[in-house]
Amino acid sequence: LKRDLYTTLGDVCKPETIFASNTSSLSITEMSAFSGREDRFVGVHFFNPVQLMKLVEVIRTEKTDPAVFEKAYNWVGDIGKVAVSCGDTPGFIVN
């Protein structure tokens, strides 16, 4: 499902669009490849219950543009959450 979604979005979204996925079990690297925008793709993983948990993992791949990552990381702070930087690995860094 996400493969088709990100392939389609990669075709129709403006070039400056930043793609993000909230997942802990799917590879951000693989999804970014489907989008055709590997440099503009991050993971943003919220913990449950979202309204109570402050921590949010912001996930970068080896191909994520540093400026894109920084923008996503700062956005998490802007919405009142606490961002933690991590690489693309299965599961959560807090477990």
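Presented here is a report on the structure given in the accompanying data block. (Residues numbered from 1 in each chain as written. Predicted model: local features only at pLDDT ≥ 70, side-chain atom pairs only at ≥ 80, totals over all residues. Heavy atoms only, no water.)

Examining the packing of aromatic side chains
To keep it simple, the criterion reads: Stacked, tilted and edge-to-face are the three classes assigned to paired rings of Phe, Tyr and Trp, where Trp is represented by its six-membered ring and a pair needs centres within 6.5 Å; plane angles under 30 degrees give stacked, over 60 edge-to-face, the rest tilted. The helix count covers DSSP runs of H or I at least four residues long, the strand count covers runs of E at least two residues long, and both are numbered beginning at the N terminus. A 1.4 Å probe rolled over the protein chains alone gives each residue an accessible area, and that area as a share of the maximum for its type sets the label: buried under 20%, exposed over 50%, partly exposed in between. Over a ring means this: the NZ of a Lys or the CZ of an Arg is within 6 Å of the ring centre and within 35 degrees of the ring normal.
For the coordinates displayed, the defined rule picks out five aromatic pairs. Ring geometry for F69 versus Y73: centroids 5.9 Å apart, planes at 40°, classification tilted. Placement of both F69 and Y73 in helix α3 (residues 66–78) is noted, with a separation of four residues, approximately one turn of the helix. Take F69: its relative accessible area is 6%, and that puts it in the buried class. Classification of Y73 as partly exposed rests on a relative accessible area of 31%. An aromatic cluster is built from Y6, F19 and F41, whose rings are joined through pairwise contacts. Here the basic side chain of R60 rests over the ring of F69, its NZ or CZ set 3.6 Å away from the ring centre.

Focus: the nonpolar core
Test applied: Definition of nonpolar core: a set of buried residues of the types Ala, Val, Leu, Ile, Met, Phe, Trp, Tyr and Cys, connected through side-chain atoms within 4.5 Å. A contact between two residues is defined here by any heavy atoms of the two lying within 4.5 Å.
Membership of the largest hydrophobic core is limited to ten residues, which are V42, V44, F46, V56, V58, V68, F69, A72, V76 and A83. Here this core gets four residues from one element, more than from any other, and that element is α3. Excluding its chain neighbours within four sequence positions, the residues that come into contact with V42 are I18, F19, A20, S21, I28, I59, T64, V68, F69 and A72. Membership of the second largest hydrophobic core comes to seven residues, among which are I28, M31, F41 and I59.

Considerations on the pairing of strand β4 (residues 82–87)
A regular strand places its side chains so that they alternate between the two faces of the sheet. Going by this rule: The pairing criterion for strands is at least two bridges between them, as found by DSSP. Seen with its strands pointing away from the viewer, a crossover is right-handed if its path from the first strand over the helix to the second goes clockwise.
As paired strands, strand β3 (residues 55–60) and β4 are joined by six bridges and run parallel to one another. Within the sheet, the bridge partner assigned to V56 lies in β4 and is A83. The parallel pair β3 and β4, bridged by α3, forms a crossover whose chirality is right-handed.

Regarding the side chain of T64
For clarity, the cut-off: N or O atoms within 3.5 Å of each other form a polar contact, as long as, within protein, one can give a hydrogen and the other can take it, and as long as residues adjacent in sequence are counted only when both atoms are side-chain atoms.
Mapped onto the elements of the fold, T64 is located in the loop between β3 and α3. By relative accessible area, T64 is classed as buried at 8%. One polar contact links the side chain of T64 to the main-chain carbonyl oxygen of F41, over a distance of 2.9 Å. From its side chain, T64 meets the backbone nitrogen of T61 in a polar contact 2.9 Å long. The residues touching T64, leaving out its near neighbours within four places in the chain, are E38, D39, F41, V42 and F69.

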